[in-house]
Amino acid sequence: MSNEDKIAALEARISELDDKLTNLHEQLLQAQLDQWEGRIDDLEVQMHLGSMEATERLGPLVDRLRNRWLDAREQVANASSTAGDVLDTLRGGLEQAMKDIRESVSNAKGSVSS
């Protein structure tokens, strides 16, 4: 096998591995989206099981969280940037929304205890 053949074989292998890496990034993004969807669904169930006051406080926050998740899902579907950038944006937005919900729940618990 000549050096040119070896180089061509290595380039083909690199291309194959690059395709696999891209596929894995896409699977990771989809798994993240699925995980956040499950969390949102769980929050909605908890909200429906909770008091009316908690529902009134959490409803808009859960709606915002759902909208951020939908935006992130759309970004992934139309991703022209790298998967890492999309994942960072997704994680940051959803984590902030979850923080807002946790604070609201904590405030609601505090007002019920008082």
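Everything quoted here is computed from the prediction, not taken from an experiment.

Draft legend 1. Structural context of the overall build of the protein chain. Check the secondary structure of the protein chain and you find three helices and zero strands. Taking all 114 residues of the protein chain together, 24% fall into the buried category. Contacts in the protein chain between residues at least 24 apart in sequence constitute 76% of all its contacts with a sequence separation of at least 6. For the protein chain, the computed accessible surface area is about 7900 Å², with 52% contributed by carbon and sulfur atoms.

Draft legend 2. Structural context of the pattern of salt bridges. One pass over the structure, following the stated rule, counts three salt bridges. Its salt-bridge partner being Glu16, residue Lys20 comes within 3.5 Å of it at the nearest N-O pair. Of this pair, Lys20 and Glu16 both sit in helix α1 (residues 3–49), four residues apart, which is roughly one turn of the helix. Among the charged side chains, a salt-bridge network with shared partners connects Arg13, Glu16 and Lys20.

Draft legend 3. The packing of aromatic side chains, seen in detail. Taken as a whole and assessed by the stated rule, the structure comprises zero aromatic pairs. When the ring centre of Trp36 is taken as origin, the NZ or CZ atom of Arg39, which lies over that ring, is 4.6 Å away.

Draft legend 4. Molecular detail of the side chain of Arg66. For Arg66, the location among the structural elements is in helix α2 (residues 52–77). Setting aside anything within four residues of it in sequence, one finds Arg66 in contact with Glu37, Ile40, Asp41 and Glu44.

Draft legend 5. The arrangement of the confidence of the model for the protein chain in detail. When pLDDT is averaged across the protein chain, the result is 79; 81% of the residues are at 70 or more. Taken element by element, the protein chain is modelled with least confidence in helix α3 (residues 83–113), mean pLDDT 69, and with most confidence in α1, mean pLDDT 89.

Draft legend 6. Spatial organisation of the nonpolar core. Counting residues in hydrophobic clusters, the biggest one holds 18 residues, and the most contacted among them are Leu33, Leu43, Val62, Leu65, Trp69, Leu94 and Ile101. Looking at this core, the elements that each hand over two or more residues are α1, α2 and α3. Take this core: its biggest share by element is seven residues, from α2. Dropping the residues within four chain positions of it, Leu33 is found in contact with Trp69, Ala72, Arg73, Val76 and Leu90.

Draft legend 7. View of α1. Taking 1.5 Å per residue as the helical rise, α1 with its 47 residues ought to reach 69 Å, and the 69 Å between its terminal C-alpha atoms agrees with that figure. Every buried residue of α1 is accounted for by Leu29, Gln32, Leu33, Trp36, Ile40, Leu43 and Met47.

Thresholds, definitions, all that
- Residues numbered from 1 in each chain as written.
- Predicted model: local features only at pLDDT ≥ 70, side-chain atom pairs only at ≥ 80, totals over all residues.
- Heavy atoms only, no water.
- Helix = DSSP H or I, 4+ residues; strand = E, 2+ residues; numbered from the N terminus.
- Buried < 20%, exposed > 50% of the residue type's maximum accessible area, 1.4 Å probe, protein only.
- Contact = heavy atoms within 4.5 Å.
- Areas by Shrake-Rupley, 256 points an atom, 1.4 Å probe, with all protein chains shown as cover.
- Salt bridge = Lys/Arg side-chain N within 4 Å of Asp/Glu carboxyl O.
- Phe/Tyr/Trp six-rings, centres within 6.5 Å; stacked < 30°, edge-to-face > 60°.
- Lys NZ or Arg CZ within 6 Å of the ring centre and 35° of its normal.
- pLDDT = per-residue confidence, 0-100.
- Core = buried A, V, L, I, M, F, W, Y, C linked by side-chain atoms within 4.5 Å.
- Expected span 1.5 Å × (residues − 1).

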